[in-house]
Amino acid sequence: MVDFSLWDIVRNLLLAARWTVGLSLIAFVGGSVVGLLLLVLRLSKLPGMDTLVGAYVQLFQGVPLLVQLFLAYYGLGLFGINTSPWVAAGLGLTLYASAFLAEIWRGCVASIPLGQWEASQSLALSFYEQLRYIILPQAFKIAVPPTVGFLVQVIKGTALASVIGFMELTKVGKTIANATFSPFLIFSCVAIMYFVLCYPVSLYAKRLERKIHAHR
């Protein structure tokens, strides 16, 4: 048994929280980029693209994130790619986030009245110009609250990266708990830190939603 003071426990967990935040940002930004690409492809009139993107979304929404992380960690090695926990966790969470964000944003675009599409067509705008200047700016306002809200799910999802050896908040908490034989105290601290990370984001998302509903 290792003797840890409460400050030692909190300090080590705070250091680990940096990696939780870093991984969350990588997954969220990467998922946003891929999700936007998927959205544009799905809205395009390319043959079979709607079905293909829809299958992608269903696959990554339907397979548990834990399984996706295992596949990313062990599957990349089959192609000679470095399978460090950083790479695998970043890739797995990015693909997971992209599927959900693409579907969230598709719903927001679908909520734009058909008249907006027709009006933009009457201006002789191309499909991508319609998206850029007319549709996406309106959809963006609607999409901000659920997008920010989804960041909470990404932050909590990083806890699963501990199973592939990524030293984030949960993994470090488990390591300290094994060393101190005080799992209740350690994971209570871990739970509080996740709450501190997630609650302000959730509160901000609700505030944005109320503001947008008031403007509409």
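Residues numbered from 1 in each chain as written. Predicted model: local features only at pLDDT ≥ 70, side-chain atom pairs only at ≥ 80, totals over all residues. Heavy atoms only, no water.

S.K.: Which residues make up the nonpolar core, and what values go with them?
M.R.: Among the nonpolar cores identified, the biggest contains 52 residues, and Leu 13 and Leu 169 are the most heavily contacted of them. For this core, the element with the most residues is helix H6 (residues 127-157), which contributes 12 residues. Leu 38, Met 49, Val 53 and Tyr 56 belong to the second largest nonpolar core, which has eight residues in total. (Core = buried A, V, L, I, M, F, W, Y, C linked by side-chain atoms within 4.5 Å. Buried < 20%, exposed > 50% of the residue type's maximum accessible area, 1.4 Å probe, protein only. Helix = DSSP H or I, 4+ residues; strand = E, 2+ residues; numbered from the N terminus.)

S.K.: I'd love a proper account of helix H2 (residues 49-62), names of residues and values included.
M.R.: Between its first and last C-alpha, H2 extends 19 Å over 14 residues, near the 20 Å set by a 1.5 Å rise per residue. Taken as a whole, H2 has its buried residues at Met 49, Val 53, Gly 54, Tyr 56, Val 57 and Phe 60. Looking straight down H2, one finds its buried side chains confined to an arc of 155 degrees; they lie on one side. When the buried face of H2 is taken as reference, the exposed residues oriented beyond 90 degrees from it are Thr 51, Leu 52, Gln 58 and Gly 62. The inward-facing, buried residues of H2 abut helix H1 (6-43), helix H3 (65-75) and helix H4 (85-110). (Expected span 1.5 Å × (residues − 1). Arc of directions from axis to C-beta. Contact = heavy atoms within 4.5 Å.)

S.K.: How would you explain unusual backbone geometry if you had to name every residue and give the values?
M.R.: At Phe 181, a residue that is not glycine, the phi angle is positive and equals roughly 55 degrees. Looking at where Phe 181 falls in the secondary structure, it is placed in the loop between helix H7 (169-180) and helix H8 (183-215). Overall, Phe 181 belongs to the exposed group, its relative accessible area being 61%.

S.K.: So what's going on with the environment of Val 201? Residues and values would help.
M.R.: Within the element layout of this structure, Val 201 appears in helix H8. Taking the C-alpha atoms as reference points, Val 201 and Met 49, separated by 152 residues in sequence, lie 34 Å from one another. In this structure, Val 201 is in contact with Val 148, Leu 151, Val 152 and Ile 155, ignoring residues within four places of it in sequence.

S.K.: Got a sec to walk through the side chain of Ser 32? Specific residues and values, please.
M.R.: Relative to the assigned elements, Ser 32 resides in helix H1. According to the relative accessible area criterion, Ser 32 is buried, its value standing at 18%.

S.K.: If you had to explain H3 to someone new, which residues and values would you point to?
M.R.: Residues of H3 that are buried: Leu 65, Gln 68, Leu 69 and Ala 72. Considered in projection along H3, the buried side chains sweep an arc of 100 degrees and stay on one side of the axis. Counted as exposed and oriented over 90 degrees from the buried face of H3: Leu 71 and Tyr 74. Looking at the buried side of H3, the elements it contacts are H2, H4 and H6.

S.K.: Explain the packing of aromatic side chains to me, and be specific about the residues and the numbers.
M.R.: Scanning all chains against the criterion turns up 11 aromatic pairs. With centroids separated by 5.8 Å and ring planes inclined at 80 degrees, the aromatic side chains of Trp 19 and Trp 86 adopt a geometry described as edge-to-face. Of this pair, Trp 19 sits in helix H1 while Trp 86 sits in helix H4, placing them 67 residues apart in sequence. Residue classification places Trp 86 among the partly exposed residues on the basis of a relative accessible area of 35%. Relative to Phe 60, the ring of Tyr 56 lies with its centre 4.6 Å away and its plane at 45 degrees, an arrangement referred to as tilted. Here Tyr 56 pairs with Phe 60, and both are found in helix H2, just four residues apart, close to one helical turn. Across the pair, exposure class does not vary: Tyr 56 and Phe 60 are buried alike. Each residue in the set Trp 19, Trp 86 and Phe 166 is aromatic and connected to the rest through ring pairs, giving one cluster. (Phe/Tyr/Trp six-rings, centres within 6.5 Å; stacked < 30°, edge-to-face > 60°.)

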